[in-house]
Every structure is written in C-alpha cells, then in structure tokens.
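Observations on the three-dimensional arrangement
Residue-level listing of the chains:
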Amino acid sequence: MNPKSVIIKSNKYGLIVILDEKLPFDELLLDVADKFKESANFFKNAKMAVTFRGRVLTKAQERELVYAIVNNSQIHILCVVDEDKVQEEHYRCVVEDAMEEKMRQDGQFYRGTLRMGQVLETETSVVIMGDVNPGASVVSKGNIVVLGSCRGNVYAGATGDTGCFAAALIMKPQQVRIADKVARSAITKRVDTGEYKIDPKIAYVKDGHIYVKPIGQDTYLDMPTPLIE
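For clarity, every value in this text was computed on a predicted model and none was experimentally measured.

With respect to the overall build of the protein
Across its full length, the protein carries 5 helices and 15 strands. Scored against the burial criterion, the 229 residues of the protein give a buried share of 40%. Long-range contacts, defined as pairs at least 24 residues apart, comprise 41% of the intrachain contacts of the protein with a sequence gap of at least 6. In the structure as shown, the protein presents an accessible area of about 13400 Å², 50% of it carried by carbon and sulfur atoms.

Overview of the pairing of strand 9 (residues 144-150)
With 5 of its 7 residues buried, strand 9 lies for the most part within the structure. Pairing analysis gives 3 bridges linking strand 7 (residues 126-129) to strand 9, with the strands arranged parallel. Considered in strand 9, the bridge of Val127 is made with Val145. As judged from the 5 bridges shared by strand 9 and strand 11 (residues 166-171), these two strands associate in the parallel manner. Across the sheet, Ile144 pairs through a bridge with Ala166, a residue of strand 11.

Structural notes on the pattern of salt bridges
In this structure the tally under the stated criterion is 3 salt bridges. Two residues, Lys201 and Asp199, come together in a salt bridge whose shortest N-O distance is 3.7 Å. Judged by relative accessible area, which is 24%, Lys201 ranks as partly exposed.

A look at the sheet that holds strand 6 (residues 119-122)
If you trace the 5 strands from one edge of the open sheet to the other, you get 6-8-10-12-13, paired in mixed fashion. The sheet is open, and its two edges are formed by strand 6 and strand 13 (181-184), each paired on a single side. Strand-to-strand twist across the sheet, computed as the mean angle between neighbouring axes with direction ignored, equals 5°. The pairing of strand 10 (residues 153-156) with strand 12 (residues 175-178) spans 4 bridges and is parallel. From the neighbouring strand, Ala156 faces strand 12, where its bridge partner is Ile178.

A short note on the confidence of the model for the protein
When pLDDT is averaged across the protein, the result is 80; 76% of the residues are at 70 or more. Mean pLDDT per element in the protein: helix 4 (residues 88-106) is the minimum at 52, and strand 10 is the maximum at 96. When the criterion is pLDDT under 50, residues 225-229 qualifies, and its contacts beyond four places in sequence or with other chains add up to 4 contacts.

What about a nonpolar patch on the surface?
Judged by side-chain polarity, Phe109, Met129 and Leu147 come together as a nonpolar surface patch covering roughly 290 Å² of accessible area. Considering the arrangement of structural elements, one finds Phe109 in strand 5 (residues 108-111).

Remarks on the sheet that holds strand 1 (residues 6-10)
The strand order across the open sheet formed by 4 strands is 1-2-3-4, and the pairing between neighbours is mixed. Of all the strands in the sheet, the pair left with one neighbour each is strand 1 and strand 4 (76-80). The sheet shows a mean angle of 30° between the axes of neighbouring strands, direction not considered. One ladder, built from 5 bridges, connects strand 1 with strand 2 (residues 14-19); its direction is antiparallel.

Things to note about the pairing of strand 13
With 4 bridges connecting them, strand 12 and strand 13 associate as antiparallel partners. Bridging from a neighbouring strand, Gln175 pairs with Arg184 of strand 13. Turn length for the strand 12-strand 13 hairpin, with the two strands adjacent in sequence and antiparallel, is 2 residues, and the turn residue Ala179 shows positive phi of about 55°.

Here we look at the packing of helix 1 (residues 25-38) against helix 3 (residues 59-71)
What describes two packed helices is the angle between their axes and the distance between those same axes. Remark: helix 1 packs on helix 3, axes separated minimally by 8 Å, with the N-to-C direction vectors making an angle of 30°. It follows from the interaxial angle that helix 1 and helix 3 lie roughly parallel. At the point where helix 1 passes helix 3, the crossing takes the right-handed sense. Counting all contacts with helix 1, which are made through Phe25, Leu29, Val32, Ala33 and Phe36, the residues of helix 3 involved are Gln61, Glu64, Leu65, Ala68 and Ile69. Here the contact of helix 1 with helix 3 is built from residues that sort into 8 nonpolar, 1 polar and 1 charged.

Digging into helix 1
The terminal C-alpha atoms of helix 1, which comprises 14 residues, lie 20 Å apart, in line with the 20 Å expected from a rise of 1.5 Å per residue. Among all positions of helix 1, only Phe25, Leu28, Leu29, Asp31, Val32, Ala33, Lys35 and Phe36 are buried. Against the buried residues of helix 1 lie strand 1, strand 2, helix 2 (40-43) and helix 3.

Scoring rules and cut-offs
Residues numbered from 1 in each chain as written. Predicted model: local features only at pLDDT ≥ 70, side-chain atom pairs only at ≥ 80, totals over all residues. Heavy atoms only, no water. Helix = DSSP H or I, 4+ residues; strand = E, 2+ residues; numbered from the N terminus. Buried < 20%, exposed > 50% of the residue type's maximum accessible area, 1.4 Å probe, protein only. Contact = heavy atoms within 4.5 Å. Areas by Shrake-Rupley, 256 points an atom, 1.4 Å probe, with all protein chains shown as cover. Pairing = 2+ DSSP bridges. Salt bridge = Lys/Arg side-chain N within 4 Å of Asp/Glu carboxyl O. Axes fitted to C-alpha atoms, helices over the stretch in contact; angles between N-to-C directions. pLDDT = per-residue confidence, 0-100. Patch = residues over 30% accessible without salt bridge, like charges linked within 9 Å, V, L, I, M, F, W, Y side chains within 5 Å. Parallel < 35°, antiparallel > 145°, perpendicular 65-115°, else oblique. Left-handed = near helix turned anticlockwise from the far one by under 90°. Nonpolar A, V, L, I, M, F, W, Y, C, P; charged D, E, K, R; others polar. Expected span 1.5 Å × (residues − 1).

This is the structure:
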C-alpha cells in the first residue's frame, strides 16, 4: 500500500478522504480498504458522513469506495457529502437528517417508561424498551412492541391498516385499538401496581375482531398477514 495514496481526516460527524489523483482506481480501492482496516479500532461503530477529495469520481466509484470503507472498518457511512460542504456544522446536520430518515424507514425505539398522561405518537412502528403504565397511550401508524408491561392504551395501524399488531411481554392493556377495531379490558384500573409474570401476547385483527393470544408459531399461522413483509 502506498501510504500517501489515501489520507483520512475526520471530525465528530464526518470523514474527509483525500485520494491520490493519478493512481489507477483499482489500486486506489485496495489502498482505501487497507487504510481503513488499519484504522478500524479508532472509529469503532461511528455513524458518519464522508467526503472524497483529490479526484473526480463517478457515482459508481463513490459507491465502491463506500463499500470498501464499510467492509473494512466499523464505520457506518450514512451519506456522501459534496466537497464544497465540508464544515463540521454541515456534517452534523447531514448526519442528523440521515439518522432521522433511517428511523422513518426502519421504525424507532423508545427507551423508558410511559407514565399516566403521557402519549407517544409515531409515524412508524415502534419498540418500547420499558413499560406503558395505566393512563399512558401509544399511537403508531405501524406496529407496537412493548418490551415490558403494557397496562395503558395502545393504538396500532392508526391510519387504518388492519394488518398491524400490538405485542408486549406483559399484555394487560386498558384498551387495544388496531385500525378501526377496539377492545377494552373488562376491568379498567386507573392505578395498577400489581406484579405480573412475563407472558408475551400479541393483539391482531382477524375476521373483523381483535384477538389477543400468546405469542407462538400457532399464533403467527393464525394471523391473516405476515409479521414481516
């Protein structure tokens, strides 16, 4: 590897990769892979934007360079930034926008407990790493998964998608709503301090009714739509 063919500069949000202008691209690609392999421990699991400087690249060449970086380091490249926009503040904005877009595409996580009176609304499916207490509500246009106890109100498929579901490790909600279908608990407690054993259940719509059943292979087969498309 030519040590001067690839130079890496970085800030908190982005990388500037300075490339040798005259080296054949295939050789340059190998040097990029070697350079980032050497620096893998330094960057760890950083999520960053990248700018390539020093030579004119086609979009296909940019993609190959990004693959070389990702495959030989622990860096997650979120986007490629034009060379004329390399200030750190711009990188920060670009990275944050890219993270928000990825969240919109992939769904989101919420860490913490939702307490009485709190409402969490999401445009995508959501995984809640905590509890939904009585009097709290979750409204999602997609699916809802509670990695804790669900004793409040959950509303999945808020735009009318009856193929959505709600699931929890402890499923004792005051109300479950999926699209236009609603199921309520026979006993609604404003305050519930009881302790319950973990008993994962899933609520879904079939034949116009909401079913709440233990999570298992038989449940998946019974559901009218697959959990993952």
